[in-house]
Amino acid sequence: MTALKRNIWTLFWLVYGGGLVLLIVLVSSSWHATVEQYERHHETRVEFFAQSVASILGTQELVLDVIGRELLRRSEFPVEPLALPLLDSAMESSPSLAGLGLARPNGQLIALSSNIILDQLPNLMESEYTRPSFQLALTEDKMVLGRTYFFEPLGEWIIPVRKALRNDAGDVLAVMTAGIRIEGKKGIFSSDRPDDESLMLFRERDGYLQFLSREDVGPEVYSTIRRPDEQIRSDTERLERESGKSIEAIKRDGNTVIYYSERDSGSYLGAAVYDSRFELWVISESGMAAVLREFFKQLAIFVGLFLLVSGLLYYLFSLIDRVEKKRRDELFHQSRHDDLTGLMNRVGLIDEIHARIDARTPFCIVLVDIDNFRGINDRFGQDFGDRVLADWSRCLWQAAGEEAVVASLGGDEFAVVTGISDEQQVYEYCQSLLSETGQRVLNGALGMQIGASIGAAIFPANGDSFSSIVRSAHLALHKAKKNRNDVCLFQSDIETRYLRRVHIEQRLRGALEPHLITMAYQAQVDAEGRVVGMEALARWYDDELGYVPPDEFVSVAEASGLMVQLGNYVLDRSLEDFSGLPRHKAFPLELSVNISVLQFMQPGFAETVLEKLHHHHVAPNELTLEITETMFMSRQSKILPVLNQLRESGIRLSMDDFGTGYSSLSLLRSLPIDELKVDKIFVDNINEDKQARKMVESIIAIARNHEMELVAEGVEHKEQADTLIAIGCQRFQGFYFSRPVPIDEVRELLTAAVE
C-alpha cells in the first residue's frame, strides 16, 4: 500500500521534474531567442540608420557643392557679411538645414542665409567647436562634419558640415558651411523611437557624440560627452573579440558588429557600424533592462503555464492518491475485519495486542466460544448459522463497551481486549459479558437462547508476550468449554496440566512402535468363581513421566488423533496374547476389548477386526467389543451399520457403563447388543443405598428380558458379590476376584484351572 503511494508521487515528481527541465529549456531558449531578437533588431536598425545618415549627409554635400559652384560662377563674394537670396532658396528646398553660409579661408563668414543674425557671427577659425573641422575642410576635397554645438546666431543645436570651394589650380577660394538641424520636427534624424533605445553617432576622430536619439537627455550632452581614451580602447577590444576581426578590418568592411557593454549606468546590448566616408560610428543600443522586461514577459507566460499545468497535475495525482488511499483504507479495513460480522479479524487483533504489548499497557484478553454452535448449523443450516454469528457478534460488541476491542477469530470464536487488569474485575466483566450478550441475543430478532464459554488471561501477569498471553487465554477457554456456559480465568495449574498433556502426547507418539505400552488383563468370573473372560487393559510406564493412568493417556490420544493407532495397537496385542492362552472346551474363554468411537468411524473397521482375528487365529465369538453408551447416543446412525456387520460375523457387542446415560432404554430397542456392563458407581453403594440396589435390580431385569448377559464391574468386597448373586447377577469383574495382571499370570491361572 505504502509502496503504491510512493510510486504515485514518485511518478508525479518525475513528471514535475521533467516539466521543470522542459521549463528550464524553454526559458533558456526564450532567453536566447529574446537576446537574438534584440540583436537582429539592433543590427537591422543600425544598418537602416547608417544608410539614412549616409544618404542625408550625401544629399547635404551635394547641396553645398551645387550652391558653392553657383556662387563661384557668379563671383558673389561680398566684403562684409551679407544675406544672399540664393542661400534662402536653397534652405527652402532642404528643410533640415538650419542655415547656410560662405566663409573665407580665414574663417570669416561673408554670405549667409537671411535667418542668421549677422551681428552675432563668429569666426570659424577662432571657436574651439568649429576650428578643427574648418581647418580639416581646407585640406579635404570632400565634405567634412564638424562637432555638434549650439550656434548662437541661429539659436539651435546643429551639426556643421563644410566643403572647400577651389579654383582650377586647387586653391581654396571659400568654404561652404551649413548647419544641419537635429532638433524639432524638422530635425534631420527626428522620428518616434522607444524610450529605452538609443541611436547614436560618434565621431571617430575625437570621440565626441555627434547625435543621440534619447529624448530624456538634453542637447547639452553634445558639448560634454566624449568617449574617454580608456573606454575607446575597451570598446575596440570588445568589438574585436566579439566579431573576431581587427578594428581596422571592421572599419574597412563596414559590417555591423553586435556588442555588449558594461558601463556605470548599466548593461547594454547594441549594434555598431562604421561609416568611413564621414568617419562616424553609427550605433543602435538599448539597456539590458529592456531585454529582461521582454524576457520576463515570456517567462511569466511559461511559468504561469507551468504552474497551471503543475497545479492540474498535482490535483490529478492528489485525486488519484485520494482514490488509492480510499481503496487502500478499504482493503486495509477488509484485511483486518471480518466480512460476516464486521468485527476486527485475527490479523487486526494481532496488531492490537502487539501495540498494547509494545506500550507495556496492562490489559486482558477474553476468548468467547459459542457452545454447541455446530448443532445450530446442523439443525438450521449454514445461512441461519451466519445470521446467528452476526447477531451474536453485534450483541457481544454492545455488551463489551466502547473502550473494548472486539474481534472475530473465525467460526464461533470471538475475542475481547479490554484495559481491565484486576483479576476480580476481569472475572466480573466476563460474567457480565456472558449474561448480557446471551440476554441481548434472546431479546433480539432471532430470539434464541445461546450459551458460551469464556476464557481470559491478563497481561503481563499471565504472559508477557503475544504468544504466551494468547496461549494462556486459550488454555482458560479450553477448561471453560468442559463445563459449558462457564467463565475461567487463567491459573498456573491450567498451564501445568496443559504442558503435561503436551508432554504425554509427545511421549505417546514414541511409545507405540517400540511396544512401551504393555497390556494387563482383568478376569471376569461367574457365580461359581470360574474364569469365563478377561478385559484387556492398556498400561504405560514412561521413563520421563513415570506411570501414566489409562484415562489420562487415552483422553490425550483421542484429542491428538492417536486414538485409532492406539486402539489398533491394543486390539493387536490383546488378540496376540489371547491366542496363546490354554482353552477348556467345557468352559469357553472370552476377550473383551474397549473400542473408541473414533475407531468405529474409520472406513473398513469391521473388515480390519476380522482380518486381525484371522491373523491371530481367534474365533469371532471369542471377542467382545465394549462400547460406551454415550457413543451410541451421539453417532447411532453411522455406527449401527458397522455394529450389524460385526454382529453378523459372530463378534459379541457389549454396552459399557450402562445406566449412566440418558437414553439407554430407547437404544436397547434398536442396537444389536449382547451384553450390559453395570457401572461401578451402582456397585459401590449397593449395600448402603437402596436406590442403587433397585437400579441394579432393574438393569438385571432389563438384561434378562432382552436375553442379554450382564457383567457387574468394580466388585471389590465379598458383601458386594454376595448381594449381586442374591439379586440374580451371574458374571462379575473387580478387585475382589482379580486385579489386572500381565498375560503370564493369566496363563498360569488358566493352566491351573484346566488341570
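Below is a short write-up of the structure. (Residues numbered from 1 in each chain as written. Predicted model: local features only at pLDDT ≥ 70, side-chain atom pairs only at ≥ 80, totals over all residues. Heavy atoms only, no water.)

1. A word on the pattern of salt bridges
(1) Moving on: Summed over the entire model, instances satisfying the criterion amount to 43 salt bridges.
(2) Moving on: A salt bridge links Arg69 to Asp65; its shortest N-O distance comes to 3.2 Å. Placement of both Arg69 and Asp65 in helix H1 (residues 2–74) is noted, with a separation of four residues, approximately one turn of the helix.
(3) Moving on: Asp253 is the partner of Lys245 in a salt bridge, and the nearest nitrogen-oxygen pair spans 3.5 Å. (Salt bridge = Lys/Arg side-chain N within 4 Å of Asp/Glu carboxyl O. Helix = DSSP H or I, 4+ residues; strand = E, 2+ residues; numbered from the N terminus.)

2. Observations concerning the environment of Arg583
(1) Moving on: By the element assignment, Arg583 lies in the loop between helix H15 (563–579) and strand S21 (590–594).
(2) Moving on: Looking at Arg583, the relative accessible area reads 33%, which means it is partly exposed.
(3) Moving on: Along the primary structure Arg583 and Thr10 are separated by 573 residues, whereas in three dimensions their C-alpha atoms are 91 Å apart. (Buried < 20%, exposed > 50% of the residue type's maximum accessible area, 1.4 Å probe, protein only.)

3. Notes on the pairing of strand S3 (residues 109–112)
(1) Moving on: Both strand S1 (residues 82–83) and S3 contribute to a ladder of two bridges, which runs parallel. Paired with Leu82 across the two strands is Ala111, which belongs to S3.
(2) Moving on: One ladder, built from three bridges, connects strand S2 (residues 97–103) with S3; its direction is antiparallel. Note that in S3 the partner of Ala103 across the bridge is Leu109.
(3) Moving on: Two successive antiparallel strands, S2 and S3, enclose a turn made up of five residues, where Gly107 displays a positive phi of approximately 95°. (Pairing = 2+ DSSP bridges.)

4. Focus on the sheet that holds strand S11 (residues 266–275)
(1) Moving on: The strand order across the open sheet formed by five strands is S9-S8-S12-S11-S10, and the pairing between neighbours is antiparallel. In this open sheet, the two edge strands, each paired with only one partner strand, are strand S9 (209–212) and strand S10 (257–263). Across the sheet, the mean angle separating the axes of adjacent strands is 25° when strand polarity is ignored.
(2) Moving on: Of the pairings in the sheet, the one linking strand S8 (residues 197–203) to strand S12 (residues 280–287) comprises seven bridges and is antiparallel in character. Of the residues in S12, the one forming a bridge with Glu197 is Ser286.
(3) Moving on: Here helix H7 (residues 288–335) sits on the sheet and contacts S10, S11 and S12; the angle it forms with S12, its principal contact strand, is near 40°. (Axes fitted to C-alpha atoms, helices over the stretch in contact; angles between N-to-C directions. Contact = heavy atoms within 4.5 Å.)

5. Remarks on the packing of aromatic side chains
(1) Moving on: Across all of its chains, the model carries 21 aromatic pairs by this definition.
(2) Moving on: For the ring pair Trp31 and Phe295, a centre distance of 5.2 Å and an interplane angle of 80° mean the geometry is edge-to-face. Residue Trp31 is found in helix H1, and its partner Phe295 is found in helix H7; the two are separated by 264 residues along the sequence.
(3) Moving on: According to the relative accessible area criterion, Trp31 is partly exposed, its value standing at 26%.
(4) Moving on: The exposure class assigned to Phe295 is buried, which follows from its relative accessible area of 9%.
(5) Moving on: A centroid spacing of 5.1 Å and a plane angle of 20° characterise the contact between Phe363 and Phe459, whose relative ring orientation is stacked. Remark: Phe459 occurs in strand S16 (residues 452–459) and Phe363 occurs in strand S13 (residues 363–370); sequence separation between them is 96 residues.
(6) Moving on: Judged by its relative accessible area of 0%, Phe363 is buried.
(7) Moving on: Members of the aromatic cluster, each reached through a chain of ring pairs, are Trp9, Phe12, Trp13, Tyr16, Phe306, Tyr314 and Phe317.
(8) Moving on: Here the guanidinium or amino end of Arg147 rests over the ring plane of Tyr208, the centre of that ring lying 3.6 Å away.
(9) Moving on: The residue whose ring lies beneath Arg739 is Phe735, and the NZ or CZ to ring-centre distance is 4.1 Å. (Phe/Tyr/Trp six-rings, centres within 6.5 Å; stacked < 30°, edge-to-face > 60°. Lys NZ or Arg CZ within 6 Å of the ring centre and 35° of its normal.)

6. A look at the sheet that holds S13
(1) Moving on: Overall, mixed pairing links the five strands, which are arranged S14-S15-S13-S16-S17 in an open sheet. Looking along the sheet, the strands with just one partner apiece sit at the ends: strand S14 (405–408) and strand S17 (487–489). Direction aside, the axes of adjacent strands within the sheet are offset by 20° on average.
(2) Moving on: Summarising the sheet, S13 and strand S15 (residues 413–418) pair through six bridges and their orientation is antiparallel. Bridge pairing in S15 places Val366 opposite Val416.
(3) Moving on: Helix H10 (residues 382–400) rests against S13, S14, S15 and S16 of the sheet, and its axis sits at about 15° to S15.
(4) Moving on: Contacts between helix H12 (residues 466–483) and the sheet are confined to S13, S15, S16 and S17, with S16 contributing the most and set at about 150° to the helix.

7. Topic: a nonpolar patch on the surface
(1) Moving on: Among the surface-exposed residues, Val21, Leu22, Val25 and Leu26 lie close enough to one another that they form a single nonpolar patch of about 340 Å² accessible area.
(2) Moving on: In this structure, Leu26 sits in helix H1. (Patch = residues over 30% accessible without salt bridge, like charges linked within 9 Å, V, L, I, M, F, W, Y side chains within 5 Å. Areas by Shrake-Rupley, 256 points an atom, 1.4 Å probe, with all protein chains shown as cover.)

8. As for the side chain of Thr341
(1) Moving on: Counting through the fold element by element, Thr341 comes out in the loop between H7 and helix H8 (346–358).
(2) Moving on: When its relative accessible area of 17% is taken as the criterion, Thr341 is described as buried.
(3) Moving on: Of note is the side chain of Thr341, whose polar atom sits 3.2 Å from the backbone nitrogen of Leu343. (Polar contact = N/O pair within 3.5 Å; in protein donor to acceptor, adjacent residues only side chain to side chain.)

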